[in-house]
Amino acid sequence: MRTRDRHGRGLRGPLALPNPLTRAPAPVRGPLTGAAFFQDCLQSSIERIGATCPDALLGVEIGMEDVPSRAAIWHEFVAHDAVPLAAAIDAQPDRPARVVVYRRPIERRSPDRAALEDLVHHALVEQLSVLTSRSVRDIDPNFDEDW
């Protein structure tokens, strides 16, 4: 019996049959899509930082975009032939400070999902360090700077 989900069409075979007691198919959660998994990684990183240094998150909005879109941020990286993974945007009188994490550049640099989680956390900690003028070790004591 094959147990794989061929071509993303969902569960097949005996597992897809209705439950004999309830007459309803068993709910089986599939793997998260790329964007949903990335959002989960970002949320888990925020929770990790909130547990170790909640002050670093005060007054900071954290969000994600697929690719860098702000010309001012992109302009800084063009001279170095690099694509930004995240950006820290200082607070203005009419809006709070922001950290934006870019999904596609991070996904392209991650060989697997475990590395993706690490890279999201690494990028977020670095940007919070820039915004708050704290060391990365203050924000996350387990931060590996040589990563």
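Residue indices begin from 1 for each chain and proceed along its sequence in written order. Given that this is a predicted model, residues contribute local features only at a pLDDT of at least 70 and side-chain atom pairs are listed and counted only at 80 or more, while totals for whole chains, interfaces and linings are drawn from all residues. Excluding hydrogens and water, the side-chain values take into account all heavy atoms of the structure.

Student: Explain the overall build of the chain to me, using residue names and the numbers behind them.
Tutor: By definition, any uninterrupted DSSP run of H or I lasting at least four residues is a helix, any uninterrupted run of E lasting at least two residues is a strand, and each is numbered from the N terminus. Along the chain, the regular secondary structure elements total five helices and three strands. Counting helices and strands in the order they occur from the N terminus, the chain gives α-β-α-β-β-α-α-α. Taken over 147 residues, the chain has a buried fraction of 29%. Of the contacts made within the chain by residues no fewer than 6 positions apart, 57% connect residues no fewer than 24 positions apart. For each residue, the accessible area found with a 1.4 Å probe, counting protein chains only, is set against the maximum for its type, and the residue is called buried under 20%, exposed over 50%, and partly exposed in between. Contact criterion: two residues are considered in contact whenever any of their non-hydrogen atoms come within 4.5 Å of each other.

Student: Any details on the nonpolar core? Residues and values, ideally.
Tutor: Only buried Ala, Val, Leu, Ile, Met, Phe, Trp, Tyr and Cys residues count toward a nonpolar core, and they belong to the same one when joined by side-chain atoms within 4.5 Å. Membership of the largest hydrophobic core comes to 25 residues, with the highest contact counts inside it found for Val101, Ile106 and Leu128. Elements that contribute at least two residues to this core include exactly helix 1 (34-52), strand 3 (97-102), helix 4 (113-132) and helix 5 (136-139). Looking at this core element by element, the count peaks at eight residues for helix 4. Residue contacts for Leu128: discarding those within four places in its chain leaves Ile49, Ala56, Leu57, Val60, Val99 and Ile139.

Student: Now, about the environment of Leu85: what can you tell me, with residues and values included?
Tutor: Within the element layout of this structure, Leu85 appears in the loop between helix 2 (71-78) and strand 2 (86-89). Between the alpha carbons of Leu85 and Arg109 there is a distance of 9.5 Å; along the sequence they are 24 residues apart. Sequence-distant contacts of Leu85, that is, excluding residues within four places in its chain, are made with Val101, Tyr102, Pro105, Ile106, Arg109 and Leu119.

Student: Any chance you could break down the packing of aromatic side chains for me, citing the residues and the numbers?
Tutor: Two rings belonging to Phe, Tyr or Trp (six-membered ring only in the last case) form a pair when the distance between their centres is within 6.5 Å. Interplanar angles under 30 degrees mark stacking, angles over 60 mark edge-to-face geometry, and anything in between is tilted. Applying the stated criterion to the full structure yields zero aromatic pairs. Placement of a positive charge over a ring is assigned whenever Lys NZ or Arg CZ falls within 6 Å of the ring centre and within 35 degrees of the normal to the ring plane. If you follow Arg113 out to its NZ or CZ, it ends over the ring of Phe37, 4.1 Å from the centre.

Student: Can you explain unusual backbone geometry? Please cite residues and give values.
Tutor: Of note in the backbone geometry, Ser133 takes a positive phi value of approximately 60° without being a glycine. Checked against the element boundaries, Ser133 lands in the loop between helix 4 and helix 5.

Student: Summarise the environment of Ile89; cite the residues concerned and give the values.
Tutor: Within the secondary structure, Ile89 is located in strand 2. Remark: the alpha-carbon pair of Ile89 and Glu61, spanning 28 residues in sequence, is separated by 9.7 Å.

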